[in-house]
Amino acid sequence: MNSKKISVKTIAMIGVMAALVFVGNTLQLPKIPTPLGPTRIHLGNVMCILGGLIFGPVSGGFAAGIGGAIFDLTDPNYAKEFWITFIMKFAMAYVAGFIANIGQKTKIKVIIAAVAGSLSYVVLYLGKTFIVEYLIFNNPWQTVSGVLITKGTTSFINALLAMVVSVILYYMIDPALKKARLSVK
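None of the values given here were measured: they were computed from a predicted structure.

Calculation criteria
Residues numbered from 1 in each chain as written. Predicted model: local features only at pLDDT ≥ 70, side-chain atom pairs only at ≥ 80, totals over all residues. Heavy atoms only, no water. Helix = DSSP H or I, 4+ residues; strand = E, 2+ residues; numbered from the N terminus. Buried < 20%, exposed > 50% of the residue type's maximum accessible area, 1.4 Å probe, protein only. pLDDT = per-residue confidence, 0-100. 1 Å grid on protein atoms, 1.4 Å probe; cavity = no way out; pocket = protein on both sides within 12 Å on 5 of 7 lines; lining within 4 Å. Points joined across faces, edges and corners; volume = space filled by probe spheres on them. Core = buried A, V, L, I, M, F, W, Y, C linked by side-chain atoms within 4.5 Å. Salt bridge = Lys/Arg side-chain N within 4 Å of Asp/Glu carboxyl O. Patch = residues over 30% accessible without salt bridge, like charges linked within 9 Å, V, L, I, M, F, W, Y side chains within 5 Å. Areas by Shrake-Rupley, 256 points an atom, 1.4 Å probe, with all protein chains shown as cover. Phe/Tyr/Trp six-rings, centres within 6.5 Å; stacked < 30°, edge-to-face > 60°. Lys NZ or Arg CZ within 6 Å of the ring centre and 35° of its normal. Axes fitted to C-alpha atoms, helices over the stretch in contact; angles between N-to-C directions. Parallel < 35°, antiparallel > 145°, perpendicular 65-115°, else oblique. Left-handed = near helix turned anticlockwise from the far one by under 90°. Contact = heavy atoms within 4.5 Å. Nonpolar A, V, L, I, M, F, W, Y, C, P; charged D, E, K, R; others polar.

Draft legend 1. Region of the structure containing unusual backbone geometry. Positive phi is not limited to glycine here, since Asn138 has a value of about 55°. Mapped onto the fold, Asn138 is located in the loop between α4 (107–136) and α5 (141–179). The backbone of Arg181 sits at a positive phi, close to 55°, despite the residue not being glycine. Tracing the sequence through the fold places Arg181 in the segment after α5. For Arg181, a relative accessible area of 70% translates into the label exposed.

Structure representation (structure tokens):
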């Protein structure tokens, strides 16, 4: 069996990126009140996509999942679903990192990766919302559709923010990381 050891540098960079994901989740507009409860527009997804673009699918995925899960554990409203957040944030960064790292990175591939990662999260989040609201809570379809529209709107705003800002940050940060030999893949 061929096993690849993970380096201390990789663990440290995952930790730093996880911290940035956590902080990105705290950087938010004031909560927006809705009939379904407050909703958030934040920079957490920006950092998740950035992690995937910079560190690749696995390291970026772990950083995104860990940072998102830790954020959830600090808020009683989200704590019970921290493990779901871990899976969904991991998947978002994994998709972005996987697509960006197929062959040579080009600007269009980085943009496509950011779009795909962001949209994969929206699909997962709305899928989870549908399962919870319709299949678990047995809410009527009118209620479920209202929840999906409200959460979908906020999710798409967060996705657009992540698509644009993560690509800009990637092209600002990645050259410096390469120069300092801090790239992890």
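Back to the text.
Draft legend 2. Here's a closer look at the confidence of the model for the chain. Residues with a pLDDT of 70 or more make up 96% of the chain, whose mean pLDDT is 93. By mean pLDDT, α5 is the weakest element of the chain at 94, and helix α3 (residues 82–100) is the strongest at 98.

Draft legend 3. Region of interest: the layout of surface pockets. Each pocket or cavity is described by its volume, and for the largest pocket that value is around 900 Å³. Those elements that provide at least two residues to the lining of the largest pocket are α2 (44–73), α3, α4 and α5.

Draft legend 4. Structural detail: the nonpolar core. In terms of nonpolar packing, the biggest core is built from 36 residues, with Ile49, Leu53 and Phe55 touching the most fellow members. Those elements giving two or more residues to this core turn out to be α1 (8–26), α2, α3, α4 and α5.

Draft legend 5. Structural detail: the pattern of salt bridges. Scanning all chains against the criterion turns up two salt bridges. Asp174 is paired through a salt bridge with Lys178; the nearest N and O atoms lie 2.9 Å apart. Taken together, the residues span about one helical turn, with Asp174 and Lys178 both in helix α5 at a distance of four residues.

Draft legend 6. Looking closely at a nonpolar patch on the surface. Together, Val58, Phe62, Ile66, Ile70, Tyr94, Phe98 and Ile102 make up a nonpolar patch on the protein surface, roughly 590 Å² of accessible area in all. Secondary-structure elements contributing two or more residues to the nonpolar patch are α2 and α3. Positionally, Phe98 belongs in helix α3. The exposure class of Phe98 is partly exposed, given its relative accessible area of 44%.

Draft legend 7. Expanded view of the packing of aromatic side chains. All chains considered together, the criterion is met by 12 aromatic pairs. Judged by centre distance (5.9 Å) and plane angle (15°), the rings of Tyr121 and Tyr125 are stacked. Of this pair, Tyr121 and Tyr125 both sit in helix α4, separated by four residues, roughly a single helical turn. Note on accessibility: Tyr121 and Tyr125 belong to one class, buried. Geometrically, the ring pair formed by Tyr134 and Trp141 is edge-to-face, given 6.0 Å between the ring centres and 90° between the ring planes. Classification of Tyr134 as partly exposed rests on a relative accessible area of 34%. A network of ring pairs unites the aromatic residues Phe62, Phe86, Phe90, Tyr94 and Phe98 as a single cluster. Its guanidinium or amino end placed over the ring of Tyr121, Lys89 lies 4.5 Å from that ring's centre, counting from NZ or CZ.

Draft legend 8. Just the packing of α2 against α5, in detail. Between α2 and α5, whose axes approach to 8 Å, the crossing angle comes to 40°. When the interaxial angle is binned, α2 and α5 end up oblique. Considering only the axes of α2 and α5, their crossing is right-handed. Every residue of α5 that contacts α2 at Asn45, Val46, Met47, Ile49, Leu50, Leu53, Ile54 and Phe55 is listed here: Asn158, Leu161, Ala162, Val165, Ser166, Leu169, Tyr170, Ile173, Asp174 and Leu177. When the residues that make up the contact of α2 with α5 are grouped by side-chain class, the tally is 14 nonpolar, three polar and one charged.

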